[in-house]
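# Report on the structure
Take a look at the letters that make up each chain.
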Amino acid sequence: MEETNQPPPQNILTDPESNTKNDDNEKNKAQNPWKLLTSLNGQQRITFVAAFLGWTLDAFDYFIVVFAIPYIANDFQMEPSVITGSITVTLCFRPLGAAIFGLLADRYGRRYPLMIDIILYSSMELASGFAPNFTVFIILRAIFGIAMGGEWGLGAALAMEILPPESRGLFSGILQQGYAVGYLLAAILHYVVIENIGWRAMFWIGSFPALLVILLRFFVPESPAWKAQKNVSESTGKTWLLNTKLVLKHHWRRFVYCVLLMAFFYFFSHGTQDLYPTFLKAQLGYTPAQVTILTVVANIGAIIGGSLCGYLSQLYGRKLIIIVSAILAACFVPLYLLPRNFGLLILGAFALYFGVQGAWGVVPAHLNELSPSEFRGTFPGLTYQLGNLISSSSAQIEAKLGERFTKNGKPDYGLVIAVLTLIVIFLLVVLTLFSREYKDIDFVEQAKQSAIDNEKDEAEKQIEQENEKGKVIVEDINIE
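An account of the accompanying structure is given in this report. Computed from a predicted model, the values in this text were never measured in an experiment.

### Thoughts on the overall build of the protein chain
Of regular secondary structure, the protein chain possesses 23 helices and two strands. Within the span of the protein chain, comprising 480 residues, buried residues form 55% of the whole. Long-range pairs, those at least 24 residues apart, make up 85% of the contacts in the protein chain between residues at least 6 apart in sequence. Total accessible area on the protein chain is roughly 20,600 Å²; 65% of this is exposed by carbon and sulfur atoms.

### Looking at the packing of aromatic side chains
Under the counting rule described, the total for this entry stands at 24 aromatic pairs. Ring plane angle 25 degrees and centroid distance 6.4 Å describe the contact between Phe-48 and Phe-52, whose orientation is recorded as stacked. Taken together, the positions of Phe-48 and Phe-52, both in helix α3 (residues 42-76) and four residues apart, correspond to about one turn of that helix. Taken individually, Phe-48 and Phe-52 each receive the classification buried, so the pair is uniform in this respect. Ring plane angle 85 degrees and centroid distance 6.1 Å describe the contact between Tyr-121 and Phe-144, whose orientation is recorded as edge-to-face. Within this pair, whereas Tyr-121 is found in helix α6 (residues 111-128), its partner Phe-144 is found in helix α7 (residues 134-162), the two being separated by 23 residues in sequence. Relative accessible area serves as the criterion here: at 0%, Phe-144 is assigned to the buried category. Put simply, the rings of Trp-55, Phe-63, Trp-152, Tyr-179, Tyr-183, Phe-265, Tyr-266, Trp-360 and Tyr-384 touch in pairs and so form one group of aromatic residues. If you follow Arg-111 out to its NZ or CZ, it ends over the ring of Tyr-112, 5.1 Å from the centre. Residue placement shows Arg-168 over the ring face of Phe-443; its charged tip is 4.0 Å from the ring centre.

### Observations concerning a nonpolar patch on the surface
Nonpolar side chains collect at one region of the surface, where Leu-415, Val-419, Ile-423, Phe-426, Leu-427, Val-430, Leu-433 and Phe-434 lie side by side and expose about 750 Å² of accessible area between them. Here Phe-434 shows up in the loop between α22 (413-433) and α23 (443-479). You can call Phe-434 exposed: its relative accessible area is 63%.

### Digging into the packing of α7 against helix α20 (residues 379-390)
Packing of α7 against α20 brings their axes to within 7 Å, and their N-to-C directions diverge by 130 degrees. Relative to α20, the element α7 lies oblique. Handedness of the α7/α20 crossing: right-handed. Between α7 and α20, the contacting residues are Met-148, Gly-149, Trp-152 and Gly-153 on the first element and Pro-380, Gly-381, Tyr-384 and Gln-385 on the second. Here the contact of α7 with α20 is composed, by residue class, of four nonpolar, four polar and no charged.

### Quick word on the nonpolar core
Core analysis: the largest hydrophobic core is formed by 73 residues, its most contacted members being Phe-265, Phe-268, Tyr-276, Leu-280 and Tyr-384. Excluding anything up to four places from it in sequence, Phe-265 contacts Ile-322, Ala-359, Trp-360, Val-363 and Leu-428. Within the second largest apolar cluster, 49 residues are counted, among which are Ile-69, Ile-83, Leu-91 and Ile-194.

### Re the packing of α3 against helix α8 (residues 168-176)
For any two helices packed against each other, the geometry comes down to the angle between their axes and how far apart the axes lie. Axis separation between α3 and α8 bottoms out at 9 Å; the angle between their running directions is 30 degrees. The angle between α3 and α8 falls in the class roughly parallel. Of the residues in α8, those in contact with Phe-48, Ala-51, Phe-52 and Trp-55 of α3 are Phe-171, Ile-174, Leu-175 and Gln-176. In the contact of α3 with α8, the residues fall into seven nonpolar, one polar and no charged.

### Observations regarding unusual backbone geometry
The phi dihedral of Gln-77 falls on the positive side, at around 55 degrees, and the residue is not glycine. Note on placement: Gln-77 falls in the loop between α3 and α4 (80-83). At Asp-440, a position not held by glycine, the phi torsion is positive, near 75 degrees. Its place among the elements puts Asp-440 in the loop between α22 and α23.

Calculation criteria
- Residues numbered from 1 in each chain as written.
- Predicted model: local features only at pLDDT ≥ 70, side-chain atom pairs only at ≥ 80, totals over all residues.
- Heavy atoms only, no water.
- Helix = DSSP H or I, 4+ residues; strand = E, 2+ residues; numbered from the N terminus.
- Buried < 20%, exposed > 50% of the residue type's maximum accessible area, 1.4 Å probe, protein only.
- Contact = heavy atoms within 4.5 Å.
- Areas by Shrake-Rupley, 256 points an atom, 1.4 Å probe, with all protein chains shown as cover.
- Phe/Tyr/Trp six-rings, centres within 6.5 Å; stacked < 30°, edge-to-face > 60°.
- Lys NZ or Arg CZ within 6 Å of the ring centre and 35° of its normal.
- Patch = residues over 30% accessible without salt bridge, like charges linked within 9 Å, V, L, I, M, F, W, Y side chains within 5 Å.
- Salt bridge = Lys/Arg side-chain N within 4 Å of Asp/Glu carboxyl O.
- Axes fitted to C-alpha atoms, helices over the stretch in contact; angles between N-to-C directions.
- Parallel < 35°, antiparallel > 145°, perpendicular 65-115°, else oblique.
- Left-handed = near helix turned anticlockwise from the far one by under 90°.
- Nonpolar A, V, L, I, M, F, W, Y, C, P; charged D, E, K, R; others polar.
- Core = buried A, V, L, I, M, F, W, Y, C linked by side-chain atoms within 4.5 Å.

Spelled out as structure tokens, the structure:
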């Protein structure tokens, strides 16, 4: 699935000599997570905090709608199923945001597009709280979707590019769990605010991420990898547009592969999570309080699993940890769905979410390491969001199949979730096996190497054109 264009020699998987010399050193660096946490300098620490908070609060703003659906429906005098259309619209517009803000980040740097993105999604969140009707509300949520689509790619690229290579695994796992933390924050806000102040207040409170712009403006530096790429482009005379064309020409297969990979990742997470509360309530008859407890415990498992497995991926490789985490989740699918004992269900939910998000914890580092240097502002975010778009119907597919296969007169959501989850895990493992990984790649050196590779390609192209001209001349002479 990969191109013949190879990454720079810093990649320990493609450079055996580098592997021999640095393997022990890299493992020693990775064996102490506390040392990794405390070894960052001030700028690296602030940059990561800003990226983590950006993704956490982005997810927090998204889940506010999920919790507020019944109240919004009552206010607008519409069915809840109609209001959920705003969630679908948000998801559909995310790839557009990833493309727009990603291209801006590749041309103008990571910081300023990320600042604009955060201001946009914060202002849309604030405006959503003042929406007079559903038409205005869904338009605002569409624009919010554009901003949400841009945040992950920019934040992940900035964080991964400024962190030391040996720290990427651990911080990749922590960064990705900002999504679960955002969910928990939204759940807490729902419990504290919505009954006392109303659903609109949740959106007003959700606009405070705009304060992150102050942190980004005054304390977060620009990505050194982007600066290196910019210097290389200027020295070779290549414009941003030309670089983009070259990336699309040489790396389109990798792009398609990563979209498919992220689609299976999203089927993996959405398939196990989106319909689970409905399964607990409609099929097992649990109360809202019990459903909440299970959901909170599961997300705690997700946070622990993502952080731990991200760290382990620095020791044992991205691919291996993705595969092991997915297989671990498969082992706990029965315990996640079959028991009727509440305590066993809690254990199953914790373990399965640990595995699901354990695999997800590798994603920020893995996608950024797979990304071409010239396109890293766009590549991770766009492949991530296109994969999400492809899998956005997973809950609907499960719901339809569950209604078709009944048990004791009720939709058998549990059976459908189990079967589809196991199929997706198998396909995810197979797809991961046939991929490459570029752990410990030096992004600054990659920028320099990409210019050399492009120059070689252009030289080969010129030689081919000259050979073609020579053939034409010879043929003309023979004809005469």
